[in-house]
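# Residue-level structure breakdown
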Amino acid sequence: MRIGELAATVGVTTRTVRHYHHQGLLPEPERRPNGYREYTLRHAVVLARIRRLTELRLGLAEVRDVLAEDAGKDLVEVLTELDQDLARQEDAIRERRARLRALLETEGGLPAEGPVSPQLASLFRDMAHVSDSPMAAKDREMLALIETTADPEGRDQLMGALGGALARPGGKERALAAYALLDALADAEPTDPRVDEAARALADCLPRDLLPEPMEVDPDNSFLRAFYADFAPAQAEAIRRTLHMLTETEGDGP
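Notes on the structure follow.

Conventions adopted
Residues numbered from 1 in each chain as written. Predicted model: local features only at pLDDT ≥ 70, side-chain atom pairs only at ≥ 80, totals over all residues. Heavy atoms only, no water. Core = buried A, V, L, I, M, F, W, Y, C linked by side-chain atoms within 4.5 Å. Buried < 20%, exposed > 50% of the residue type's maximum accessible area, 1.4 Å probe, protein only. Helix = DSSP H or I, 4+ residues; strand = E, 2+ residues; numbered from the N terminus. Expected span 1.5 Å × (residues − 1). Arc of directions from axis to C-beta. Contact = heavy atoms within 4.5 Å. Salt bridge = Lys/Arg side-chain N within 4 Å of Asp/Glu carboxyl O.

## Remarks on the nonpolar core
Core analysis: the biggest nonpolar cluster contains 37 residues, and Leu120, Leu123, Leu143 and Leu185 have the highest contact counts within it. Of all the elements in the fold, those that place two or more residues in this core are α6 (118-126), α7 (134-149), α8 (152-167), α9 (171-183), α10 (194-205), α11 (222-229) and α12 (233-248). Top element by residues in this core is α12. It accounts for 6 residues. Within the second largest apolar cluster, 18 residues are counted, among which are Ala7, Leu25, Val46 and Ile50.

## A few points about the environment of Lys172
In this fold, Lys172 is placed in helix α9. Spatially, the C-alpha atoms of Lys172 and Met127 are 7.5 Å apart, while their sequence positions differ by 45 residues.

## Notes on the side chain of Thr242
Mapping Thr242 onto the fold places it in helix α12. On the basis of relative accessible area, Thr242 is assigned to the buried category, the value being 2%.

## Considering α8
When the terminal C-alpha atoms of α8 are compared, their 22 Å separation across 16 residues agrees well with the 22 Å that a helix rising 1.5 Å per residue should span. Along α8, the residues classified as buried are Leu158, Met159, Leu162, Ala165 and Leu166. One side of α8 holds all its buried residues, which, seen down the axis, span an arc of 130 degrees. In α8, those exposed residues whose orientation departs by more than 90 degrees from the buried face are Pro152, Glu153, Asp156, Gln157 and Ala167. Against the buried residues of α8 lie α6, α7, α9 and α10.

## Things to note about the pattern of salt bridges
One pass over the full model with this rule turns up 10 salt bridges. A salt bridge links Glu28 to Arg37, with the nearest nitrogen and oxygen atoms 2.8 Å apart. According to the relative accessible area criterion, Glu28 is partly exposed, its value standing at 45%. We note a salt bridge from Glu237 to Arg241, for which the minimum N-O separation is 3.0 Å. Pair noted here: Glu237 and Arg241 are both in helix α12, with a separation of 4 residues, about one helical turn. Overall, the relative accessible area of 27% leaves Arg241 in the partly exposed class.

Remember, this is a structural readout, not a statement about activity or role.
Following this line, the structure appears as structure tokens:
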């Protein structure tokens, strides 16, 4: 048989046959005096087996193990491992679908920063009254980043603390005032007297134990350097002073 006849017999393409040659799965026949390769029935048998194995979603390395005469694994072992792997994939797919359903059923719909957890989505709804504030938009982006990168315990603690701060009497009004003061600093200098006012207003909105460690004074903290660089100079200075206020008053009441 020529390569085209072999491919048609087994139901694959000639390109697939050449790929299996290149991968060392299908032996290449010797060329006849006319220069053409002549495939035998044995080649068709092996090619058909490769097709069956790949249709079971075995990788080519696993197919090679099955085909090799001195393979460390027999077919039953390889197929058992494949079945176990598919079972794990099914579990992962079910978990992902459950998370997607929870997101699609989020009360009030998904926020612009989504997908986020239901807890953070609830916090964003509480912040909806400042939706036109550029600083509030940055704050939501930062919270979405923290939720993605923080460990579950730290994330739950942060979301609970911020949610509790907004739920305090006058909490939303204080947040609105703080955002307005920070927005007004977009074109100001770090020495502007309004910087201190904005810092105190922001500190008044946040739980005093929000930052248990004085991380803001660490000059080697690359995250904080990038964080401050994302704000206008006066806004960054206000936030820096806020962090100092929060850590200096650790242990005080909310």
